[in-house]
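Take a look at the letters that make up each chain.
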There are 2 protein chains.
Amino acid sequence: MKRKTLGILGGGQLGRMLALAAQPLGVRVTVVDPDEHAPAQVAAEHVPLPYDDWDALDELGLSDVVTFEFENVPEDSLKRLERLRPVFPRANALRAAQDRWEEKSLFLELGISAARTLRIDTSEDAEKAFDELGPYLLKTRRLGYDGKGQIFVTDRSRAAEAHAELQGVPCVAEEKVNFQRELSVVLCRGQDGTIVSYPVVQNTHKSGILHLSLCPAPNMSPELEAKAKSLATRLAEKLDYVGVLALELFERDGELLANEFAPRVHNSGHFSIEGSVTSQFENHVRAVLGFPLGSTDPVGYSAMVNLIGDLREPAALLALPDVHLHDYGKEPRKNRKVGHVTVRAQSREELDARLAEVLAIVSAPSSASA
Amino acid sequence: MKRKTLGILGGGQLGRMLALAAQPLGVRVTVVDPDEHAPAQVAAEHVPLPYDDWDALDELGLSDVVTFEFENVPEDSLKRLERLRPVFPRANALRAAQDRWEEKSLFLELGISAARTLRIDTSEDAEKAFDELGPYLLKTRRLGYDGKGQIFVTDRSRAAEAHAELQGVPCVAEEKVNFQRELSVVLCRGQDGTIVSYPVVQNTHKSGILHLSLCPAPNMSPELEAKAKSLATRLAEKLDYVGVLALELFERDGELLANEFAPRVHNSGHFSIEGSVTSQFENHVRAVLGFPLGSTDPVGYSAMVNLIGDLREPAALLALPDVHLHDYGKEPRKNRKVGHVTVRAQSREELDARLAEVLAIVSAPSSASA
């Protein structure tokens, strides 16, 4: 019997959870990750070589399909892989997500509202942007994540300095949006164009890093829920997308503004391992390998809390009912995502009560130093 | 940070599902299994050596705790491991489960009803047993599983022949019980004596191999449910048991008769991966490593269907809502358990409808030949 195999560029926690979801489907996984301690290696064949190593890519190319757990795949590596095997999601989605200017242009083209954004190539651009936008977020066009590569410019006279601090690389200036909350839509699109969407979740960040997701997001009108999903769907269809895609949104006075999208499984979809009939990880594997997609119906109410820095007290977390630990097997380090916890309940009230207990443990100071 | 490690003797599907459940807890797993294709290797370090190989056992002994996925652990291997590390469940439970005569004696001692059973050492014993029991099941005392090592003796004149067919090894004769149905209780006992029990499930066998489990078992009175759990609890407490234990029962006219118990995770508990808040696999890992046990509350109604011989049509199974495939990664072979499917629903009626669709696919003849 011929079973399918999956190659993943990147062997961090996303690769790990993809691999753990792939195994019950009989799918064997190979990951390429230069980190000798790559978290995914516990459930995958691990090739400990750089992402632009031709031998590593050739080994990935032995899999039936190749995917990735991060969007900043080197262009040449992507081209090489595409010559070997089907790569999902496709290169167009990666390219759009890799560059904040391209991404915003795509949103505009699709009629998806977003914060007003200007292209910044020079320090003069950075200063002029202040005249137009007032206080704004200066973000590198490429390679930003978890709040890295961005500076809040509150004073015209500091604009050029901020740009210099980001090494003068190509940037965008984004109007500061005074939003009421952050939401995200995680969907999965199959090779045949079928789309399944998870409930819209509400996200809270701390220091630029996702802290908490609530599924479903509280106080969502059916209209807002449908609107959010339709934006993500528009994007996925435009890109002829295959796999899981996450769209981050700001809600401002009942209006939805796109922040960014991720062409991969996403931290705000981690709740789905216990909180959905089929997890985002399993659905991504199903999609890229051409299997039918699974139901995204919720299983009760759920919340996901990231464990940043260290795991706090795993035994205390495990002692709470319907609380599920996901330890990524990483060493503690300041601001590092080392795990997450899913809390599940049968009502919003029960969820809130359980979540309070989890947060009391998780909010204890991390022992991890820089 | 010091994470715990777990050694498992045996790397089949049970070891595989234990390892997949251990990873999110940050527990790394080593399995010993002479089969070079041992299914557990996808989520564990695999030592491909025999169960009585001293080097293999020493390697297992590097783990914090050792457990096993089958009860027929060679006596010397068990003793060796016990000198190296804590082994859970303990040797007393294995010894009782390894020998049908010891097992039945233990049931009797604990006041747990069971089919009348006689000890058979000679062909004369086999003949005399017929006088006492009428038609009976002749079973080898050791090493029987999935209906292997047993013969139904329907005629006194064939008794000696049947015993010879089982190589004249020590056997037991069990009265044939005209039961209405088969039930089982899966429980987990922690190192501190805490016991959590899954709902009683109803099992259906085909050719001596488990075919279907329903959770919860239909038409259970609270009294019968409590009675079944109390029998398993009595057994676990008597053995000062640590880990998951399964007790198989026959229901006959409202009375419960113990069939056998398994000192390990059990096929009739597979539903718990999706059908319970915490799976039997995760709870076993928690118990043997001394973590708090997780809730065994049901998540909806669920059913487990074994895939025997081959996987039938995985894509057809995946296309059904809330149907979860577990492919063990084994090659197809007649009568081999190669995977299972969990079906989940929010009501008994919905479950029955979904199960009918699954059974229509699974009941197709297996393409696997002998």
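Quantities reported herein were computed from a predicted structural model and do not represent experimental measurements.

Enquirer: Just give me the short version of empty space enclosed by the protein, but keep the residues and values in it.
Expert: Enumeration according to the criterion identifies three cavities of 30 Å³ or more in this entry. Approximately 930 Å³ is the volume attributed to the largest cavity. Taken together, 42 residues line the largest cavity, and the ones lying closest to its centre are A:Ile273, A:Glu274, B:Ile273, B:Glu274 and B:His326. Mapped onto the lining of the largest cavity, the elements with two or more residues apiece are helix H1 (13-22), helix H9 (272-275), helix H10 (280-289) and strand S16 (323-327) of chain A together with helix H1 (13-22), helix H9 (272-275), helix H10 (280-289) and strand S16 (323-327) of chain B. Across the lining of the largest cavity, the residue classes tally to 20 nonpolar, twelve polar and ten charged.

Enquirer: Can you explain the side chain of A:Glu225? Please cite residues and give values.
Expert: Position of A:Glu225 among the secondary structure elements: in helix H8 (residues 222-238). Excluding anything up to four places from it in sequence, A:Glu225 contacts A:Pro199, A:Val200 and A:Met220.

Enquirer: Any chance you could break down the relation of the copies chain B and chain A for me, citing the residues and the numbers?
Expert: Once chain B has been moved 0.0 Å along the axis and rotated by 180 degrees, it coincides with chain A to within an RMSD of 0.0 Å. When the rotation and shift are considered jointly, the pair of chain copies conforms to a two-fold rotation axis. Using C-alpha coordinates, one finds that chain B approaches the rotation axis most closely at B:Ala43, a distance of 2.2 Å. Of all interface residues in chain B, 100% are interface residues in chain A too; the two copies therefore contact each other through one and the same surface.

Enquirer: So, the environment of A:Glu127: which residues are in play, and what are the values?
Expert: Residues and elements named next belong to chain A. Residue placement: Glu127 occurs in helix H6 (residues 123-133). Given the relative accessible area of 25%, Glu127 is considered partly exposed. Each residue touching Glu127, except ones within four places of it in the same chain, is listed here: Arg156, Ala159 and Ala160.

Enquirer: Give me the packing of aromatic side chains: which residues, what numbers.
Expert: On inspection of all chains with the given rule, the structure shows ten aromatic pairs over all chains. Measuring from ring centre to ring centre gives 6.4 Å for B:Phe107 and B:Phe261, while their planes differ by 65 degrees; the resulting arrangement is edge-to-face. With B:Phe107 in helix H5 (residues 100-109) and B:Phe261 in strand S14 (residues 255-262), this pair connects stretches of sequence that are 154 residues apart. Taken as a pair, B:Phe107 and B:Phe261 share a single burial class, namely buried. Ring plane angle 55 degrees and centroid distance 6.5 Å describe the contact between B:Phe130 and B:Tyr136, whose orientation is recorded as tilted. Against the face of A:Phe152 rests A:Lys176, its NZ or CZ located 5.8 Å from the ring centre.

Enquirer: A description of the nonpolar core should follow, citing residues and the corresponding values.
Expert: Counting residues in hydrophobic clusters, the biggest one holds 122 residues, and the most contacted among them are A:Val358 and B:Val358. In contact with A:Val358, other than residues within four places in its own chain, are A:Val305, A:Leu317, A:Leu320, A:Val323, A:Val341 and A:Val343.

Enquirer: Before we move on, could you go through the pattern of salt bridges and cite the residues and values that matter?
Expert: Residues and elements named next belong to chain A. Summed over the entire model, instances satisfying the criterion amount to 48 salt bridges over all chains. The partner of Lys2 in a salt bridge is Asp64, with the nearest N and O atoms 3.8 Å apart. Of this pair, Lys2 sits in the segment before strand S1 (5-9) while Asp64 sits in the loop between helix H2 (54-60) and strand S4 (65-68), and the two are 62 residues apart along the sequence. Judged by relative accessible area, Lys2 falls into the exposed class, the value being 66%.

Enquirer: Talk me through the interface of chain B and chain A; I want residue IDs and the actual numbers.
Expert: With 36 residues of chain B at the contact, the number on the chain A side is 36 residues. The junction of chain B with chain A conceals about 3000 Å² of combined surface from both sides, 55% of it contributed by carbon and sulfur atoms. Applying the counting criterion to the chain B and chain A interface returns four salt bridges. A salt bridge links B:Arg3 to A:Asp327; the shortest N-O distance between them is 2.6 Å. Our count for the contact surface shared by chain B and chain A stands at ten residue pairs in polar contact (both at pLDDT 80 or more). For the side of chain B that touches chain A, the secondary-structure elements that each account for two or more residues are H1, H10, helix H11 (314-318) and S16 of chain B. In terms of residue count, the dominant contributor to the side of chain B that touches chain A is S16(B) (five residues).

Enquirer: Before we move on, could you go through the domain arrangement of chain A and cite the residues and values that matter?
Expert: Residues and elements named next belong to chain A. As assigned here, chain A comprises domain 1 (5-87), domain 2 (116-175) and domain 3 (181-363). Computed from C-alpha atoms alone, the centre-to-centre distance between domain 2 and domain 3 is 29 Å. At the interface, five residues of domain 2 touch six residues of domain 3. Summed over both sides, the interface of domain 2 with domain 3 buries roughly 330 Å², with 28% coming from carbon and sulfur.

Enquirer: I'd love a proper account of the packing of H1(B) against H10(B), names of residues and values included.
Expert: Residues and elements named next belong to chain B. For the pair H1 and H10, interaxial distance at closest approach is 8 Å and the crossing angle is 75 degrees. The orientation of H1 relative to H10 falls into the category roughly perpendicular. Seen from H1, the contacting residues are Leu14, Met17, Leu18, Ala21 and Ala22; seen from H10, they are Phe281, Glu282, His284 and Val285. Here the residues of the contact of H1 with H10 sort into seven nonpolar, one polar and one charged.

Enquirer: Any chance you could break down the packing of helix H3 (residues 75-84) of chain B against helix H4 (residues 91-98) of chain B for me, citing the residues and the numbers?
Expert: Residues and elements named next belong to chain B. Between H3 and H4, whose axes approach to 11 Å, the crossing angle comes to 170 degrees. In terms of their interaxial angle, H3 and H4 are classed as roughly antiparallel. Side by side, H3 and H4 meet where Glu75, Leu78, Lys79 and Glu82 of the first sit next to Ala91, Leu94 and Arg95 of the second.

Enquirer: I'd like a description of the confidence of the model for chain A, backed by residues and values.
Expert: For chain A, the average pLDDT comes to 95, and 98% of its residues sit at 70 or higher. Two summary scores accompany this predicted model of the complex, namely pTM at 0.95 and ipTM at 0.94.

Enquirer: I'd like to hear about the state of the cysteines, residue by residue, with values.
Expert: Residue and element names in this part refer to chain B. Taken as a whole and assessed by the stated rule, the structure comprises zero disulfides over all chains. Cysteine Cys188 shares no disulfide, and the gap to the nearest cysteine sulfur, in Cys215, comes to 16 Å. The class of Cys188 is buried, set by a relative accessible area of 0%.

Enquirer: Any details on unusual backbone geometry? Residues and values, ideally.
Expert: In this chain, A:Phe88 is followed by A:Pro89 through a cis amide linkage whose omega measures -10 degrees. Counting through the fold element by element, A:Pro89 comes out in the loop between helix H3 (75-84) and helix H4 (91-98). Between A:Cys215 and A:Pro216 the backbone carries a cis peptide bond, its omega angle lying at -5 degrees. When you line up the elements, A:Pro216 lands in the loop between strand S12 (209-215) and H8. Of note, A:Gln167 is a non-glycine position whose phi angle comes to about 65 degrees, a positive value. Examined against the element boundaries, A:Gln167 turns out to sit in the loop between helix H7 (159-165) and strand S8 (171-175). A positive phi angle, near 50 degrees, is found at B:Asp253, a position not held by glycine. On the secondary structure map, B:Asp253 appears in the loop between strand S13 (243-252) and S14.

Enquirer: Tell me what's going on with the sheet that holds strand S6 (residues 136-140) of chain B, and back it up with residues and numbers.
Expert: Residues and elements named next belong to chain B. Within the open sheet, the four strands sit side by side as S5-S8-S6-S7. Their pairing is antiparallel. Looking at which strands have only one partner, the edges of the open sheet turn out to be strand S5 (117-120) and strand S7 (150-153). Averaged over all pairs of adjacent strands, the angle between strand axes in this sheet comes to 25 degrees, irrespective of strand direction. In terms of strand pairing, S6 meets strand S8 (residues 171-175) through five bridges, oriented antiparallel. Pairing of Tyr136 across the sheet is with Glu175, part of S8.

Enquirer: So what's going on with H10(A)? Which residues, and what values?
Expert: A turn of α-helix holds 3.6 residues, and therefore any two residues three or four places apart point the same way. Most of H10(A) is tucked away, with ten of its ten residues classed as buried. Every buried residue of H10(A) is listed here: A:Gln280, A:Phe281, A:Glu282, A:Asn283, A:His284, A:Val285, A:Arg286, A:Ala287, A:Val288 and A:Leu289.

Procedures and definitions
- Residues numbered from 1 in each chain as written.
- Chains lettered and ligands numbered in written order.
- Predicted model: local features only at pLDDT ≥ 70, side-chain atom pairs only at ≥ 80, totals over all residues.
- Heavy atoms only, no water.
- 1 Å grid on protein atoms, 1.4 Å probe; cavity = no way out; pocket = protein on both sides within 12 Å on 5 of 7 lines; lining within 4 Å.
- Points joined across faces, edges and corners; volume = space filled by probe spheres on them.
- Helix = DSSP H or I, 4+ residues; strand = E, 2+ residues; numbered from the N terminus.
- Nonpolar A, V, L, I, M, F, W, Y, C, P; charged D, E, K, R; others polar.
- Contact = heavy atoms within 4.5 Å.
- Least-squares fit on C-alpha atoms with pLDDT ≥ 70 in both.
- Buried < 20%, exposed > 50% of the residue type's maximum accessible area, 1.4 Å probe, protein only.
- Phe/Tyr/Trp six-rings, centres within 6.5 Å; stacked < 30°, edge-to-face > 60°.
- Lys NZ or Arg CZ within 6 Å of the ring centre and 35° of its normal.
- Core = buried A, V, L, I, M, F, W, Y, C linked by side-chain atoms within 4.5 Å.
- Salt bridge = Lys/Arg side-chain N within 4 Å of Asp/Glu carboxyl O.
- Buried area = accessible area lost by both parts, 1.4 Å probe.
- Polar contact = N/O pair within 3.5 Å; in protein donor to acceptor, adjacent residues only side chain to side chain.
- Domains from an automatic or database assignment.
- Axes fitted to C-alpha atoms, helices over the stretch in contact; angles between N-to-C directions.
- Parallel < 35°, antiparallel > 145°, perpendicular 65-115°, else oblique.
- pLDDT = per-residue confidence, 0-100.
- Disulfide = S-S within 2.5 Å.
- Pairing = 2+ DSSP bridges.

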